[in-house]
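Okay, here's what each chain looks like letter by letter:
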Amino acid sequence: MAVMNEAQVISNQLDVPSPGRYQISPALSTVTIRTRHLFGLGPVRATLALRDGRIVVTDPPEASTVQARFAVPTFESGNGARDAAVLSPSLLDAEAHPTISFISTGLVSEQGTWSLRGELEVRGVTRLVEARITALTVDAAGTTLSASAQAGIDRYDFGITTYRGLAARRLTVNFDVIAHRELS
């Protein structure tokens, strides 16, 4: 029976793209946010547009990196009053902080689950977060990758504590990303 190293295990569990640089397509990628409001009674779903990003795939995959920036003013939940409150200085302060950024610090596997760890900056406050990779596929030509990940965010970690009780403390953020290989 052959013993597999960790890089081989990755290849067996995920469709690992070839090493190289991949530009994330903002038009084809989505960021969705789920949380609750009204003392946890009402569900809230919202979207946030990706401004730009890049994925660098390495061999071994654990050294791969991701950088992404999100456009805060694009926050949209379908409720104009809620959107205005979220974009106001009380919560995200879109005018003073128009960008949320993420820079990865590591790709790790624990019990067969891959997670991307990194630094998330919101309103000028940077905290470590972890996004669990839920899917990763590559097209037959090896030029386009699709990735999905999910992260749990505690808004209090970023100093966003307004509307306690009315707005949930924790958010679930889903990332669905399409990236195209950059030509050398």
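Residues numbered from 1 in each chain as written. Predicted model: local features only at pLDDT ≥ 70, side-chain atom pairs only at ≥ 80, totals over all residues. Heavy atoms only, no water.

Considering the overall build of the protein
A tally of helices and strands in the protein yields two helices and nine strands. Going residue by residue from the N terminus, the α and β elements of the protein occur as α-β-β-β-β-α-β-β-β-β-β. Within the protein, residue pairs in contact and separated by at least 24 positions form 57% of the contacts whose partners lie at least 6 positions apart. Counting every atom, the protein has about 10,200 Å² of accessible surface; 55% of that belongs to carbon and sulfur. (Helix = DSSP H or I, 4+ residues; strand = E, 2+ residues; numbered from the N terminus. Contact = heavy atoms within 4.5 Å. Areas by Shrake-Rupley, 256 points an atom, 1.4 Å probe, with all protein chains shown as cover.)

A look at the packing of aromatic side chains
Taken as a whole, this structure holds one aromatic pair when the rule is applied. With a centroid separation of 5.9 Å and an interplanar angle of 45 degrees, the aromatic rings of F70 and F175 are classed as tilted. Of this pair, F70 sits in strand 4 (residues 65-76) while F175 sits in strand 9 (residues 170-181); the two residues are 105 residues apart in sequence, bridging distant segments of the chain. Take F70: its relative accessible area is 6%, and that puts it in the buried class. (Phe/Tyr/Trp six-rings, centres within 6.5 Å; stacked < 30°, edge-to-face > 60°. Buried < 20%, exposed > 50% of the residue type's maximum accessible area, 1.4 Å probe, protein only.)

A few points about the side chain of S115
Topologically, S115 is positioned in strand 6 (residues 113-122). We classify S115 as buried; its relative accessible area is 7%. Within polar-contact distance, the side chain of S115 engages the side chain of E130 at 3.3 Å. Among all residues touching S115, those that are not within four sequence positions of it are G106, L107, V108, E130, A131, R132 and I133. (Polar contact = N/O pair within 3.5 Å; in protein donor to acceptor, adjacent residues only side chain to side chain.)

Thoughts on the pairing of strand 5 (residues 99-110)
Note that strand 4 and strand 5 share five bridges and pair antiparallel. Across the sheet, A71 pairs through a bridge with T99, a residue of strand 5. Two strands pair when backbone bridges link them, and strand 5 and strand 6 are joined in this way by nine bridges, in the antiparallel orientation. Pairing of G106 across the sheet is with R117, part of strand 6. What sits between strand 5 and strand 6 in their antiparallel hairpin is a turn of two residues, with Q111 showing a positive phi close to 55 degrees. (Pairing = 2+ DSSP bridges.)

Considerations on the environment of L128
When you line up the elements, L128 lands in strand 7 (residues 125-138). In this structure, the C-alpha to C-alpha distance between L128 and I153, residues 25 residues apart in sequence, is 10.0 Å. When near neighbours in sequence (up to four residues on either side) are disregarded, L128 contacts G118 and E119.

Some words on the pairing of strand 9
Two strands pair when backbone bridges link them, and strand 1 (residues 20-24) and strand 9 are joined in this way by three bridges, in the antiparallel orientation. Counted as the bridge partner of Y22 is R181 from strand 9. Bridging between strand 2 (residues 30-37) and strand 9 involves five bridges; their strand directions are antiparallel. Within strand 9, the position partnered with T30 by the bridge is D176. Of the pairings in the sheet, the one linking strand 8 (residues 144-154) to strand 9 comprises eleven bridges and is antiparallel in character. By the bridge assignment for strand 9, S146 is matched with I178.

Regarding the pattern of salt bridges
A side chain of one charge can pair with a side chain of the opposite charge when the charged atoms of the two come close. Enumeration according to the criterion identifies six salt bridges in this entry. R54 is the salt-bridge partner of E182, the closest N and O atoms lying 2.7 Å from each other. Residue E182 is found in the segment after strand 9, and its partner R54 is found in strand 3 (residues 42-57); the two are separated by 128 residues along the sequence. Overlapping salt bridges, with partners in common, bring together E110, R117 and E130 in one network. (Salt bridge = Lys/Arg side-chain N within 4 Å of Asp/Glu carboxyl O.)

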